[in-house]
Amino acid sequence: MPSPRRSVEGRPLGASASSSSSSSPGSPAHGGGGRFEFQSLLSSRAPGADLTCARLRASESPVHRRGSFPLAAAGPSQAPPPPLPEEDRMDLNPSFLGIALRSLLAIDLWLSKKLGVCAGESSSWGSVRPLMKLLEISGHGIPWLLGTLYCLSRSDSWAGREVLMNLLFALLLDLLLVALIKGLVRRRRPAHNQMDMFVTLSVDKYSFPSGHATRAALVSRFILNHLVLAIPLRVLVVLWALVLGLSRVMLGRHNVTDVAFGFFLGYMQYSIVDYCWLSPHNAPVLFVLWNQQ
Ligand SMILES: CC(C)=CCC/C(C)=C/CC/C(C)=C/COP(=O)(O)O
């Protein structure tokens, strides 16, 4: 059964021509130019204004404008325009979200370009680029994977092995999820990035989300939860993650939103790892197999 809102918007536009006279384009109700968009936001709160605004929005819709004249221009002898197709009605009020997203994107690009001060040797902070690249390696997947495998091979306690096995699972899960999202979103890296990264996978030509940021958030949360560290070391771990994230933008590898989402994703990944925590009780095969090596 159609909702009341649908039945109003679904009515043919000419069906209530009497009320259209007070809201022709250019009249105060219409507001002229692009102001009707703002009115359309208000109309959702004003009972009874729906019909008028739906008509106004329809007459200004680019789809509608292409093939017909606005209502005021149409004489009484002209046939009323046909009702809007469903997809147009769903799209009547897209502008607020659209504008908000486009503004966020513009701010993101502008800020990322401004912060990309180590993007090249000749950039304003080009002299710290080698340091930033060192930081980049500290958050790369290969050292973390090899380091974890090495520690696993040297570990002689069940507790240590359990933690390291879960760290390995976390790192692999992270690689998989980041590759999946990068492949789906396919956001290009910033134009000012130089593609001179240490070992990359094919999806690493894409930038959303930052794999270094996800790893930084995941690994630091993992370490803080499973290693007993003195406070200064705990602070250092958090600082490392934050500076690594910032360095991705400074190197020009990423936009700010890639890193922000990367931190969020890495943080959530830890929750998944914690929830699926592998232990000799729920994954005995893994532990027995490793023990035999
Ligand atoms: C087992 C396996 C598939 C290992 C691959 C390790 C590897 C090459 C990871 C890529 C790490 C990387 C370059 C990520 C890109 O980080 P962004 O922060 O630039 O997204």
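Owing to the predicted nature of the structure, the values given are computational and were not obtained by experimental measurement.

On to the site of the ligand. Lys182, Arg189, Gly211, His212 and Arg248 are the nearest of the 18 residues found near the ligand. A distance of 2.8 Å separates an oxygen atom of the ligand from a polar backbone atom of Gly211. Contact with the protein chains covers 81% of the free accessible surface of the ligand, which is 560 Å². Residue assignment for the shell around the ligand shows that the elements contributing at least two residues are helix H8 (141-154), helix H9 (158-185) and helix H10 (211-226). For the shell around the ligand, a count of residues per class yields 7 nonpolar, 6 polar and 5 charged.

Among the surface-exposed residues, Ile231, Leu233, Val235, Leu236, Val238, Leu239, Leu242 and Val243 lie close enough to one another that they form a single nonpolar patch of about 700 Å² accessible area. The topology assignment puts Leu233 in helix H11 (residues 231-250).

So, about H11. For an α-helix the count is 3.6 residues per turn, leaving residues at separations of three or four pointing the same way. For H11, spanning 20 residues, the distance from its first C-alpha to its last is 28 Å, which sits close to the expected 28 Å at 1.5 Å a residue. The complete set of buried residues in H11 reads Val237, Trp240, Ala241, Leu244, Gly245, Ser247, Arg248, Val249 and Met250. Turning to H11, the residues buried within the fold contact helix H6 (95-115), helix H7 (129-138), H8, H10 and helix H12 (256-275). Note on H11: the residue one or two positions beyond its end, Gly252, has a positive phi of about 80°.

Mapped onto the present numbering, the UniProt feature "domain: Phosphatidic acid phosphatase type 2/haloperoxidase" (unreviewed entry) falls on residues 162-274. The distance separating the terminal C-alpha atoms of residues 162-274 is 12 Å; by composition the span is 70% helix and 0% strand.

Assignment of secondary structure puts Leu201 in the loop between H9 and H10. In the structure, Leu201 is positioned 73 residues away from Val128 in sequence and 26 Å away in space, judged by C-alpha atoms.

Here we come to unusual backbone geometry. For the bond from Phe208 to Pro209, the omega torsion is 0°, close enough to zero to count as cis. Considering the arrangement of structural elements, one finds Pro209 in the loop between H9 and H10. Positive phi, close to 55°, is recorded for Arg186, a residue that is not glycine. With respect to the helices and strands, Arg186 occurs in the loop between H9 and H10. The class for Arg186 is exposed, based on a relative accessible area of 52%.

The geometry of H9 relative to H12 is characterised by a closest axis approach of 10 Å and an angle of 135° between their N-to-C directions. Taken together, the axes of H9 and H12 are oblique relative to one another. In terms of crossing hand, the pair formed by H9 and H12 is right-handed. Residues Asn166, Phe169, Ala170, Leu173, Asp174, Leu177, Val178 and Ile181 of H9 touch H12, and the partners they reach there are Phe261, Leu265, Gln269, Ile272 and Val273. A breakdown of the residues in the contact of H9 with H12 according to their chemical character gives 10 nonpolar, 2 polar and 1 charged.

Turning to the UniProt feature "transmembrane region" (unreviewed entry) in the chain, a few remarks are in order. When the UniProt feature table is mapped onto this chain, "transmembrane region" (unreviewed entry) is found at residues 163-185, 222-247 and 259-278. Between the C-alpha atoms that bound residues 222-247 the distance is 21 Å, and the span itself is 85% helix and 0% strand.

Bringing the nonpolar core into the picture now. Core analysis: the biggest nonpolar cluster contains 25 residues, and Trp144, Leu171, Val219, Phe222, Trp240 and Val273 have the highest contact counts within it. Per element, the largest residue contribution to this core is 7 residues, and it comes from H9. When neighbours within four sequence positions are excluded, Trp144 is seen to be in contact with Ser138, Gly139, Leu171, Arg215, Val219, Ile223 and Trp240. Formed by 5 residues, the second largest nonpolar core is a distinct cluster that contains Val117, Cys118, Met132 and Leu251.

To continue, consider the packing of aromatic side chains. Counted according to the given criterion, the structure contains 6 aromatic pairs. For the ring pair Phe208 and Phe261, a centre distance of 4.9 Å and an interplane angle of 25° mean the geometry is stacked. Remark: Phe261 occurs in helix H12 and Phe208 occurs in the loop between H9 and H10; sequence separation between them is 53 residues. A relative accessible area of 17% places Phe208 in the buried class. By way of ring pairs, the aromatic residues Phe208, Phe261 and Phe264 are connected into one cluster. Just above the ring of Trp158 sits the side chain of Arg161; from NZ or CZ to the centre is 5.2 Å. Over the aromatic face of Tyr267 sits the side chain of Arg221, whose NZ or CZ is 3.9 Å from the ring centroid.

The rules behind these values
Residue numbering note: each chain is counted from 1, following its sequence as written. In keeping with the predicted nature of the model, local features appear solely for residues at pLDDT of at least 70, side-chain atom pairs appear and are counted solely at 80 or more, and the whole-chain, interface and lining totals rest on all residues. Water and hydrogen atoms play no part in the side-chain values, which are based on all heavy atoms of the structure. Near residues are defined by distance, with any heavy atom within 4 Å of the molecule or strand qualifying the residue. Polar contacts, as counted here, are pairs of nitrogen or oxygen atoms within 3.5 Å of one another; within protein the pair requires one atom able to donate a hydrogen and one able to accept it, and residues that are adjacent in sequence qualify only if both atoms are side-chain atoms. Only the protein chains shown count as cover for residues, with accessible areas throughout obtained via the Shrake-Rupley method and a probe of 1.4 Å. Strands here are runs of E lasting at least two residues and helices are runs of H or I lasting at least four, both read from the DSSP assignment and numbered beginning at the N terminus. Asp, Glu, Lys and Arg are counted as charged, while Ala, Val, Leu, Ile, Met, Phe, Trp, Tyr, Cys and Pro are counted as nonpolar; the rest, among them Gly, fall into the polar class. What goes into a patch is any residue over 30% in relative accessible area without a salt bridge, connected to like charges within 9 Å or, for nonpolar side chains (Val, Leu, Ile, Met, Phe, Trp, Tyr), within 5 Å. For this document, the term salt bridge refers to a Lys or Arg side-chain nitrogen within 4 Å of an Asp or Glu carboxyl oxygen. An expected span of 1.5 Å times one less than the residue number is assigned to each helix. Residue burial is assigned from relative accessible area. The probe radius is 1.4 Å, only protein chains are included, and a residue is buried under 20% of its type maximum, exposed over 50%, and partly exposed in between. Contacts: residue pairs with any heavy atoms within 4.5 Å of one another. UniProt positions are given in the numbering used here, feature names are shortened, and annotations may be inferred rather than shown by experiment. Axis lines are fitted to C-alpha atoms, over the contacting stretch for helices. Their N-to-C directions set the angle, which ranges from 0 to 180 degrees. By definition in this entry, angles of less than 35 degrees are roughly parallel, angles greater than 145 are roughly antiparallel, angles of 65 to 115 are roughly perpendicular, and the rest are oblique. Crossings are assigned a handedness: left-handed for a near helix turned anticlockwise from the far helix by less than a right angle, right-handed for a clockwise turn. Nonpolar core, defined: a set of buried Ala, Val, Leu, Ile, Met, Phe, Trp, Tyr and Cys residues in which side-chain atoms within 4.5 Å join the residues together. Pairing of aromatic side chains here covers Phe, Tyr and the six-membered ring of Trp, requires ring centres within 6.5 Å, and sorts the geometry by plane angle: under 30 degrees stacked, over 60 edge-to-face, intermediate tilted. Look at NZ for Lys and CZ for Arg. If either is within 6 Å of the ring centre and within 35 degrees of the ring normal, a charge sits over the ring.

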